[in-house]
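Summary of the model geometry
Chain residues, written in single-letter form:
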Amino acid sequence: MILVKEFEFDAAHNLINYHGKCERLHGHTYKLVVKLEGTRGSEDMIYDFVDLKNLVKEHILDEFDHHYINEFIEQPTAENIAVYIWNRLAPLVKTENAHLCEIQVWETKTSGIIYHGEEA
């Protein structure tokens, strides 16, 4: 089974190693999709939605929401943001019966990245 939880945050960034509109400071309303794969545990759940919401808020959203991402990710492409979030979340959500299997970072409704941890 795969558990899915979606989040939103607003943040600003600029791409320093890029030549085009995105090299200038701008912002997005990002959509973050977190997927955990696993089996039902003792409470017949892969992971408690409330626990996941609180964990993502504390360790990701509080850092990203209404912040300038370049302050903690040098080149904050969607790809680099996905890797950063993966590296923060993967050890925090791992349980006996579940693990992080996918992160999606959407900058717009039509542009995003899907990451499975291959480069972690």
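In short, a report on the structure. Computed from a predicted structure; not experimentally measured.

**Some points on the nonpolar core**
Of all hydrophobic cores here, the largest spans 29 residues; its most connected members are Leu 32, Val 34, Leu 36, Val 56, Ile 85, Leu 89 and Ile 103. Taken together, the elements giving at least two residues each to this core come down to β1 (2–13), β2 (26–38), α1 (49–64), α2 (78–93) and β4 (98–106). Dropping the residues within four chain positions of it, Leu 36 is found in contact with Met 1, Ile 2, Leu 3, Ile 46, Tyr 47, Leu 52, Val 93, His 99, Leu 100 and Cys 101.

**Let's talk about the packing of α1 against α2**
Two elements in contact, α1 and α2, have axes separated by 11 Å at closest approach and are oriented at 145°. In the crossing of α1 with α2, the sense of the turn from one axis to the other is right-handed. Here Leu 52, Leu 55, Val 56, His 59, Ile 60, Glu 63 and Phe 64 of α1 lie close against α2, whose contacting residues are Ile 81, Tyr 84, Ile 85, Arg 88, Leu 89, Leu 92 and Val 93. Of the residues that constitute the contact of α1 with α2, the class distribution is eleven nonpolar, one polar and two charged.

**A closer look at the pattern of salt bridges**
Applying the stated criterion to the full structure yields four salt bridges. Across the pair Lys 35 and Glu 102 runs a salt bridge whose closest N-O atoms are separated by 3.1 Å. Taken together, the positions of Lys 35 in strand β2 and Glu 102 in strand β4 put the pair 67 residues apart, joining distant regions of the chain. The residue Lys 57 makes a salt bridge to Asp 62 at a minimum N-O spacing of 2.9 Å.

**Re unusual backbone geometry**
Phi is positive for Asp 44, which is not a glycine, with a value near 60°. Along the chain, Asp 44 turns up in the loop between β2 and α1. A positive phi angle is found at His 66, which is not glycine, with a value near 60°. With respect to the helices and strands, His 66 occurs in the loop between α1 and β3 (67–68).

**Here we look at the sheet that holds β1**
Ordered in space as β3-β1-β2-β4-β5, the five strands form an open sheet in which the pairing is mixed. Two strands in the sheet have a free side with no partner beyond their single neighbour: β3 and β5 (112–115). Packing against the sheet, α1 makes contact with β1, β2 and β3, and its axis sits at approximately 20° to β1.

**Details of α1**
At Lys 57, α1 shows its strongest bend, of approximately 45°. Along α1, the residues classified as buried are Leu 52, Leu 55, Val 56, Ile 60, Leu 61 and Phe 64. Here the buried face of α1 lies against β1, β2, β3 and α2. For α1, the side-chain oxygen to backbone nitrogen distance between the N-cap and Val 50 is 2.7 Å, and the N-cap itself is Asp 48. In the stretch just after α1, His 66 is the one whose phi turns positive, near 60°.

**Some details on the pairing of β5**
In this sheet, β5 lies alongside β4 in antiparallel orientation, the contact comprising four bridges. Directly across from Trp 106, in β5, lies its bridge partner Gly 112.

**Concerning the environment of His 116**
Considering the arrangement of structural elements, one finds His 116 in the segment after β5. Residues His 116 and Leu 100, spaced 16 residues apart in sequence, show a C-alpha to C-alpha distance of 8.3 Å. In this structure, His 116 is in contact with Trp 86, Cys 101 and Glu 102, ignoring residues within four places of it in sequence. Side-chain polar atoms of His 116 contact the side chain of Glu 102, separated by 2.8 Å.

About the thresholds
- Residues numbered from 1 in each chain as written.
- Predicted model: local features only at pLDDT ≥ 70, side-chain atom pairs only at ≥ 80, totals over all residues.
- Heavy atoms only, no water.
- Core = buried A, V, L, I, M, F, W, Y, C linked by side-chain atoms within 4.5 Å.
- Buried < 20%, exposed > 50% of the residue type's maximum accessible area, 1.4 Å probe, protein only.
- Helix = DSSP H or I, 4+ residues; strand = E, 2+ residues; numbered from the N terminus.
- Contact = heavy atoms within 4.5 Å.
- Axes fitted to C-alpha atoms, helices over the stretch in contact; angles between N-to-C directions.
- Left-handed = near helix turned anticlockwise from the far one by under 90°.
- Nonpolar A, V, L, I, M, F, W, Y, C, P; charged D, E, K, R; others polar.
- Salt bridge = Lys/Arg side-chain N within 4 Å of Asp/Glu carboxyl O.
- Pairing = 2+ DSSP bridges.
- Bend = angle between axes of the 7 residues up to and from the residue.
- Polar contact = N/O pair within 3.5 Å; in protein donor to acceptor, adjacent residues only side chain to side chain.

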